[in-house]
Amino acid sequence: MASQFTKRLIIVARADLAAAANLAASQADTDPIGGDQTFTAGLSASGSAPAQAYWCSWQMTVAQALAIRTRLRERGATVAEVTPVPLNGSPASNRFAVFDTDDGWTPDAVVAKIGLRPVMATP
Amino acid sequence: MSAIAATRAAVLTPASSLLPPVLSGRRLYVAGDQSAAYQDAARTTLASSDGDPVGSLTDLSGLGNHLSQSTASKRLTLKLGANGLHGLPVWRVDGVDDALENSGFALAQPYTVLVVFVNNDTDNGTLVDSVANVQAALYFGDAGGSNAPLKLASGGTAIDAGAVVHGVGHVVAAVANGASSSLWVDGVQVATGNPGGNGLSGLRLGYLRATVSANYAFLGDIAELDGYSRALSSTELGQWQRYAGRKYGFAVS
């Protein structure tokens, strides 16, 4: 039986909007727990703290992909900010951005596009 | 058994029926073809199709040290068949924030951890780490675009196994035992030294410890994880690594 989890969205939220994004994720997820920890992986221009944005890469159902975009809209995102960025396009703003891996986006391509790097700490 | 019979048995034995050697001190064992994988952390819905999220894995040690992830976006992804490793199931880690963990798991030194994996990145990434903010990590360091070096850090200076070729299957064994620690890759002891004396305080698979917003996210596939509360002998390490090589189809010395 084919998996229902056919979508993978990479979503970026500006740091000051991470709480709103986490709330949206909680409401979009059918699992009642854990969604408030969705946006915890930090990004910054230097690769050092503090994080300027947080991101996630989420394998999900088509319904969940619609739900997270709807919930982000309810938390202040515009239509353009939750519309998946075309592969050769650019995000509508630096507040929220949605990238669909079906369009060819990879995590490396996303951070290159937005000019940020994962925040690192030495193990 | 004659050499011909042994060869025939080896050829006819399906890879999925191979099991690791029975060794004392096992504290955790998960394997893609053996452990029940669930879509959710509560272990209610089986992950059975290629692409399903893996929110929990059943520990086969008998100690109930299951691994789980309560945040949906951080769950691993089940990959089967040709998408797996040598036709066997793996759990894909996305290189962003995926991880499975057991916060109650503890292994003081000496301990041994073995992992079968494919690293799909040339950059840093964590295979195994402590959940608590205590340095105890088996990880890949920065490579600058080439094959990343595998390292073991336990509160001191990391010991470095050198570059490990990405994109293909490997088995690594880390023996954390103070000054007698060692790293093995595909049956060869590649590093010794003293990485420090920290043990694992909780276990996280695929991502760095809980330091806020730190990354070192692993990008690749994990097929097996086995953990022991002692330093396995070189003979035992050889047995385990040869098992992995035979099962997953890569050369082990």
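Conventions we followed
Residues numbered from 1 in each chain as written. Chains lettered and ligands numbered in written order. Predicted model: local features only at pLDDT ≥ 70, side-chain atom pairs only at ≥ 80, totals over all residues. Heavy atoms only, no water. Helix = DSSP H or I, 4+ residues; strand = E, 2+ residues; numbered from the N terminus. Rg over C-alpha atoms; globule rule 2.2 N^0.38 Å. Buried < 20%, exposed > 50% of the residue type's maximum accessible area, 1.4 Å probe, protein only. Contact = heavy atoms within 4.5 Å. Areas by Shrake-Rupley, 256 points an atom, 1.4 Å probe, with all protein chains shown as cover. Lys, Arg positive; Asp, Glu negative; His and termini not counted. Charge placed at Lys NZ, Arg CZ, Asp CG, Glu CD. Arc of directions from axis to C-beta. Pairing = 2+ DSSP bridges. Salt bridge = Lys/Arg side-chain N within 4 Å of Asp/Glu carboxyl O. Polar contact = N/O pair within 3.5 Å; in protein donor to acceptor, adjacent residues only side chain to side chain. Phe/Tyr/Trp six-rings, centres within 6.5 Å; stacked < 30°, edge-to-face > 60°. Buried area = accessible area lost by both parts, 1.4 Å probe.

Here we come to the overall build of chain A. Across its full length, chain A holds four helices and five strands. Order of helices (α) and strands (β) in chain A, N terminus to C terminus: β-α-β-β-α-α-β-α-β. Compactness check: chain A gives a C-alpha radius of gyration of 14 Å against a globular reference of 14 Å for 123 residues, within 12% of the reference. If you line up chain A on its principal axes, its C-alpha atoms span 40 × 30 × 30 Å. Per-residue burial over chain A gives 47% buried out of 123 residues. Long-range pairs, those at least 24 residues apart, make up 63% of the contacts in chain A between residues at least 6 apart in sequence. For chain A, the computed accessible surface area is about 5,600 Å², with 55% contributed by carbon and sulfur atoms. Separation of charge centres in chain A, based on 10 positive and 10 negative side chains, amounts to 5 Å.

Residue and element names in this part refer to chain A. By the burial criterion, the buried members of helix 1 (residues 18–28) are Ala18, Ala21, Asn22, Ala24, Ala25 and Ala28. Along the long axis of helix 1, the arc covered by the buried residues comes to 160°, so they all point the same way. As for helix 1, its buried residues are in contact with strand 1 (7–14), strand 3 (53–60), helix 2 (62–74) and strand 4 (96–100).

What follows covers the pairing of strand 17 (residues 200–205) of chain B. Residue and element names in this part refer to chain B. Where burial is concerned, most of strand 17 is hidden: five out of the six residues are buried. By the bridge criterion, five bridges tie strand 8 (residues 100–107) to strand 17 in an arrangement that is antiparallel. Looking at the pairing, Ala106 lines up with Ser201 of strand 17. As paired strands, strand 10 (residues 125–129) and strand 17 are joined by two bridges and run antiparallel to one another. From the neighbouring strand, Asp129 faces strand 17, where its bridge partner is Arg204.

Tallied over the entire structure, the rule returns 13 salt bridges over all chains. Between B:Glu236 and B:Arg230 there is a salt bridge, and its shortest N-O distance comes to 2.8 Å. For B:Arg230, a relative accessible area of 22% gives the class partly exposed. Members of the salt-bridge network, linked through shared partners, are A:Lys7, A:Asp100 and A:Asp102.

Quick look at the side chain of B:Asp98 now. Within the element layout of this structure, B:Asp98 appears in the loop between strand 7 (90–94) and strand 8. There is a polar contact of 3.2 Å between the side chain of B:Asp98 and the backbone nitrogen of B:Asp94. Apart from the residues lying within four places of it in its own chain, the contact partners of B:Asp98 are A:Arg8, A:Ser57, B:Ser73, B:Lys74, B:Arg75, B:Leu76, B:Arg92, B:Val93, B:Leu205, B:Gly206 and B:Tyr207.

Below, the discussion takes up the pairing of strand 1 of chain A. Residue and element names in this part refer to chain A. Within strand 1, seven of the eight residues are buried, leaving the element largely enclosed by the surrounding structure. Pairing analysis gives eight bridges linking strand 1 to strand 3, with the strands arranged antiparallel. What sits directly across from Lys7, in strand 3, is Met60. Sheet topology places strand 1 next to strand 4; five bridges connect them, and they run antiparallel. Considered in strand 4, the bridge of Ile11 is made with Val98.

Now for the sheet that holds strand 3 of chain A. For sheets, the rule is that strands pair by backbone hydrogen bonds, running either parallel or antiparallel. Residue and element names in this part refer to chain A. Here we have five strands laid out as an open sheet, ordered 4-1-3-2-5, and antiparallel in their pairing. With one partner strand each, in any of the chains shown, strand 4 and strand 5 (117–118) form the two edges of the open sheet. Two strands pair when backbone bridges link them, and strand 2 (residues 41–44) and strand 3 are joined in this way by three bridges, in the antiparallel orientation. The residue bridging Gly42 from the neighbouring strand is Tyr54, located in strand 3.

Turning our attention to the packing of aromatic side chains. Evaluation of the coordinates by the stated rule reveals six aromatic pairs over all chains. When the centroid spacing of 4.8 Å and the interplanar angle of 75° are considered together, the rings of A:Phe99 and A:Trp105 count as edge-to-face. With relative accessibility at 4%, the residue A:Trp105 sits in the buried group. Arranged with centres 5.7 Å apart and planes meeting at 65°, the rings of B:Phe117 and B:Phe140 form a pair that is edge-to-face. One end of the pair, B:Phe117, is in strand 9 (residues 111–119); the other, B:Phe140, is in strand 11 (residues 137–140), and 23 residues separate them in sequence.

Here the focus is the interface of chain A and chain B. Between chain A and chain B, the contact holds 28 residues from the first and 31 residues from the second. When the two sides are added together, the surface that chain A and chain B hide from each other amounts to roughly 2,300 Å², 53% of it contributed by carbon and sulfur. In this assembly, chain A and chain B are joined by one salt bridge. The salt bridge partner of B:Asp94 is A:Arg8, with a shortest N-O separation of 3.4 Å. Remark: the boundary between chain A and chain B carries seven residue pairs in polar contact (both at pLDDT 80 or more). Mapped by element, the contributors of at least two residues to the side of chain A that touches chain B are strand 2 and strand 3 of chain A. Tallying contributions element by element places strand 3 of chain A first for the side of chain A that touches chain B, with six residues.

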